[in-house]
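Results of the structural survey
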Amino acid sequence: MIQPTNTIFEFSLDSDPKSWTVVNDGVMGGLSRGQFTISKEGHGVFRGKVSLENNGGFSLIQHRLPSLNVKKYNSLVVRLKGDGKKYKVRLKTNASDYYNYAVSVQTNGKWETISIPFESMIPQFRGRLLNAATFPGAQIEEVAFLIGNKKAEEFYLEIDWIALK
């Protein structure tokens, strides 16, 4: 798939990895370790190791955006290359919300372009489903990628770009 013109984030050698925040389960006592860097090819690289010790089990990266009106779109499109593991793609309507809208994507070890319909993004808080409507598709202030498969495992995810469709 050709990259859409409505890109909300495109990685390059000039990208600042500090514009993405890593959050590990250490915030809850866990020992997982994730890191975020830019590869020599100019892709975002999220990698590390998930630990289940001390009630841990996740690592995520998140990027805050200025409030972005997405009413004329119906999907988030991501070009990525995973390690064959499942990741959650998460959006927040307001960065200050305690909950997010998420969907799981299974990676296949190759570069792929994944289209995620907004209507498939389910509201959740700390992995628990909320009794609320799916992503309303009005605005986005945060995008995130999370691994938390209830397994102790190493992980590696490359991201090329994120767009709207």
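Now for a quick tour of the structure. (Residues numbered from 1 in each chain as written. Predicted model: local features only at pLDDT ≥ 70, side-chain atom pairs only at ≥ 80, totals over all residues. Heavy atoms only, no water.)

In this section: the nonpolar core. With 33 residues, the main nonpolar core has Trp20, Leu76, Phe118, Phe145 and Ile162 as its most contacted residues. Contacts of Phe145, omitting those with residues within four sequence positions, involve Trp20, Phe46, Ser59, Leu60, Ile61, Val78, Leu80, Lys88, Val89, Leu157, Ile159 and Ile162. Val23, Phe58, Leu60 and Leu146 belong to the second-largest nonpolar core, a separate cluster that totals five residues. (Core = buried A, V, L, I, M, F, W, Y, C linked by side-chain atoms within 4.5 Å. Buried < 20%, exposed > 50% of the residue type's maximum accessible area, 1.4 Å probe, protein only. Contact = heavy atoms within 4.5 Å.)

Let us now look at the environment of Arg126. In this structure, Arg126 sits in the loop between strand E10 (122–125) and strand E11 (128–129). Take Arg126: its relative accessible area is 60%, and that puts it in the exposed class. With 28 residues separating them along the chain, Arg126 and Tyr98 place their C-alpha atoms 9.0 Å apart. (Helix = DSSP H or I, 4+ residues; strand = E, 2+ residues; numbered from the N terminus.)

Think of a sheet as strands paired side by side through backbone hydrogen bonds, with each pair either parallel or antiparallel. Sheet architecture is open: seven strands sit in the order E2-E5-E12-E7-E8-E10-E11, paired in antiparallel fashion. What marks the edges here is a single partner per strand, and that holds for strand E2 (21–24) and E11. (Pairing = 2+ DSSP bridges.)

With that settled, the discussion passes to the layout of surface pockets. In this model, the largest pocket occupies a volume close to 800 Å³. Around the largest pocket, the lining is made up of 30 residues, and of these Phe58, Arg90, Arg126, Gly127 and Leu146 lie nearest the centre. Elements represented by at least two residues in the lining of the largest pocket include exactly strand E5 (59–69), strand E7 (86–92), strand E8 (100–106), E10 and strand E12 (139–147). Of the residues forming the lining of the largest pocket, the biggest block, five residues, is contributed by E7. Looking at side-chain class alone, the lining of the largest pocket contains eleven nonpolar, ten polar and nine charged residues. (1 Å grid on protein atoms, 1.4 Å probe; cavity = no way out; pocket = protein on both sides within 12 Å on 5 of 7 lines; lining within 4 Å. Points joined across faces, edges and corners; volume = space filled by probe spheres on them. Nonpolar A, V, L, I, M, F, W, Y, C, P; charged D, E, K, R; others polar.)

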